Amino acid sequence: MALRIWASSTANALGVSCKTKAQFLPAFSFSRCFSSVLDGLKYANSHEWVKHDGPVAIIGITDHAQDHLGEVVFVDLPEVGGSVSKGGSFGAVESVKASSDVNSPISGEVVEVNSKLTEVPGLINSSPYEDGWMIKIKPSDPSELQTLMGPTEYTKFCEEEDTAH
C-alpha cells in the first residue's frame, strides 16, 4: 500500500496521468512489458499503426516505437492535401535519444494533421493511440490494409525484434 501511495504521489508531482478516453480505445488490448498493442488497429513492421474509420484512416506511431524512442521533443508533419505512399516517409519524430522517419503504412491523401503535436510533441509518449495520432488520410487503395499485421502478429513481431536486440 505504501508503494502505491508513493507511486501515485510521484506520478502527480511529475504530471503523469494514466487516464484514457474510452471512446477511441478498442475494448481489448494486448500488453507486453510497458507497451500496448490495441485490437482494432493494423500495424506496420516499421512500427506505425492505422485505424480505418469510414473514409478516413488515422495513422500514428505505436506505443512500442515511442517507448524505444524515449521523450519526443519534436514532430515534423506533412502538409494537408499532400499525398503519402505505402512505405514512404511522411514525417519525422525527434526524441532526446534519436531522430526517426515516420513511414506511411498505406497510400493516400493527407486530409488532416495533428497540429497539437507541434506544441506538445510529448503527446506521442503519453497517448500514442489517442491524442498522439499524427495524420489522417483518405486511403487511395484500402486493400493495402490487408497487408498489415493484426495485434497478435504485431505483438509477436515486437517480441522477436526485442529478443534479437
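For clarity, every value in this text was computed on a predicted model and none was experimentally measured.

**Focus: the nonpolar core**
- Within the largest apolar cluster, 24 residues are counted, with the highest numbers of intra-cluster contacts made by Ile106, Ile124, Met134, Ile135 and Ile137.
- The element that contributes the greatest number of residues to this core is strand S5 (residues 56–61), accounting for three residues.
- With near-sequence residues (within four places) excluded, Ile135 lies in contact with Ala57, Ile58, Ile59, Leu77, Pro78, Val84, Phe90, Val110, Glu112 and Val113.

**Here's the deal with the pattern of salt bridges**
- Taken as a whole and judged by the stated rule, the model has two salt bridges.
- For Lys136, the salt bridge is made with Glu112, and the minimal N-O distance between the two is 3.8 Å. Here Glu112 lies in strand S10 (residues 108–113) and Lys136 lies in strand S11 (residues 135–139), a separation of 24 residues in the sequence.
- Judged by its relative accessible area of 35%, Glu112 falls in the partly exposed class.
- Salt-bridge contacts for Glu160 lead to Lys156; the nearest nitrogen and oxygen are separated by 3.9 Å. One end of the pair, Glu160, and the other, Lys156, are both in helix H5 (residues 151–164), four residues apart, so they sit about a helical turn from each other.

Thresholds applied
Residue positions within a chain follow its written sequence, with the count starting from 1. At least 70 in pLDDT is required for a residue's local features to be given in this predicted model, at least 80 for side-chain atom pairs to be given and counted, and no such filter applies to totals for whole chains, interfaces and linings, which use all residues. In computing side-chain properties, one takes all heavy atoms of the structure into account and sets aside hydrogens as well as water. In these notes, a set of buried Ala, Val, Leu, Ile, Met, Phe, Trp, Tyr and Cys residues joined through side-chain atoms within 4.5 Å is what counts as a nonpolar core. Exposure categories follow from relative accessible area, calculated using a 1.4 Å probe and restricted to protein chains: below 20% of the type maximum is buried, above 50% is exposed, and the middle band is partly exposed. What counts as a helix is a DSSP run of H or I of at least four residues, what counts as a strand is a run of E of at least two, and both are numbered from the N terminus. Every residue pair with non-hydrogen atoms within 4.5 Å of one another is taken to be in contact. Criterion for a salt bridge: a side-chain nitrogen of Lys or Arg within 4 Å of a carboxyl oxygen of Asp or Glu.

Keep in mind that these numbers describe shape and distance, not what the molecule does.
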